[in-house]
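Notes for the structure review
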Amino acid sequence: MELFWAVIVPLISIIVVLISAAIIRYAIDSSKTSQKLDLLIKEVRYLKTEIKKQQHHKQQDDSKHIFDEKV
C-alpha cells in the first residue's frame, strides 16, 4: 500500500503542475497585453531600421559634401 501512495502522490503532483502551467500559458497568450507588446516590439524594430537607413543616407550626403569641398 505504501508503494501505491509513493507512486500516485508524485504522479498527481506532476499532473497538477502541468495543468496549472497550461492554464497560465493560455492566460498569457490570450491576454491583450501580450498582443500589444508584440505590436510594440514590431514598431521598435521598424523604427530601428528606419533610423539606420536615415543615418546611412546622411553619411552618404556628408561624404559628398566633403568631396565637393576638397575639389
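Residues numbered from 1 in each chain as written. Predicted model: local features only at pLDDT ≥ 70, side-chain atom pairs only at ≥ 80, totals over all residues. Heavy atoms only, no water.

**Thoughts on the overall build of the protein chain**
Here is the rule we go by: Each helix is a run of DSSP H or I of at least 4 residues and each strand a run of E of at least 2, with the numbering of both proceeding from the N terminus. Areas reported as accessible are Shrake-Rupley estimates using a 1.4 Å probe. Residue values count occlusion only from the protein chains shown.
In terms of helices and strands, the protein chain carries two helices and zero strands. Entry remark: accessible area of the protein chain is about 7,100 Å², with carbon and sulfur atoms responsible for 67%.

**A few points about the packing of aromatic side chains**
Given two aromatic rings, their pairing is described by the distance between the two centres and the angle made by the two planes. Inclusion rule: Two rings belonging to Phe, Tyr or Trp (six-membered ring only in the last case) form a pair when the distance between their centres is within 6.5 Å. Interplanar angles under 30 degrees mark stacking, angles over 60 mark edge-to-face geometry, and anything in between is tilted. Exposure classes here rest on a 1.4 Å probe applied to the protein chains alone. A residue is buried below 20% of its type maximum, exposed above 50%, and partly exposed in between.
Counted under the stated rule, the structure contains one aromatic pair. Each ring, one from F4 and one from W5, has its centre 5.5 Å from the other, and the planes form 75°; the classification is edge-to-face. By relative accessible area, F4 is classed as partly exposed at 44%. Taking relative accessible area as the criterion, W5 reaches 48% and is therefore assigned partly exposed.

**Things to note about the pattern of salt bridges**
Where charged atoms from two side chains of opposite charge approach closely, those side chains can pair. As a reminder, the rule being used: Just to be clear on terms, a salt bridge is a Lys or Arg side-chain nitrogen sitting within 4 Å of an Asp or Glu carboxyl oxygen.
Applying the stated criterion across every chain, the model contains two salt bridges. Between R25 and D29 there is a salt bridge; the shortest N-O distance is 3.5 Å. With R25 and D29 both in helix α1 (residues 2-30) and four residues apart, this pair spans about one turn of that helix. Taking the shortest distance from any N to any O, the salt bridge between K53 and E50 comes out at 3.9 Å. Residue K53 and its partner E50 are both found in helix α2 (residues 32-70); the two are separated by three residues, about one turn of the helix.

**Things to note about a nonpolar patch on the surface**
Threshold: Without a salt bridge and with relative accessible area above 30%, a residue can belong to a patch; like charges are then joined within 9 Å and nonpolar side chains (Val, Leu, Ile, Met, Phe, Trp, Tyr) within 5 Å.
Taken together, the side chains of M1, F4, W5 and V9 present a nonpolar region at the surface, about 480 Å² in accessible area. Here V9 lies in helix α1. Relative accessible area serves as the criterion here: at 44%, V9 is assigned to the partly exposed category.

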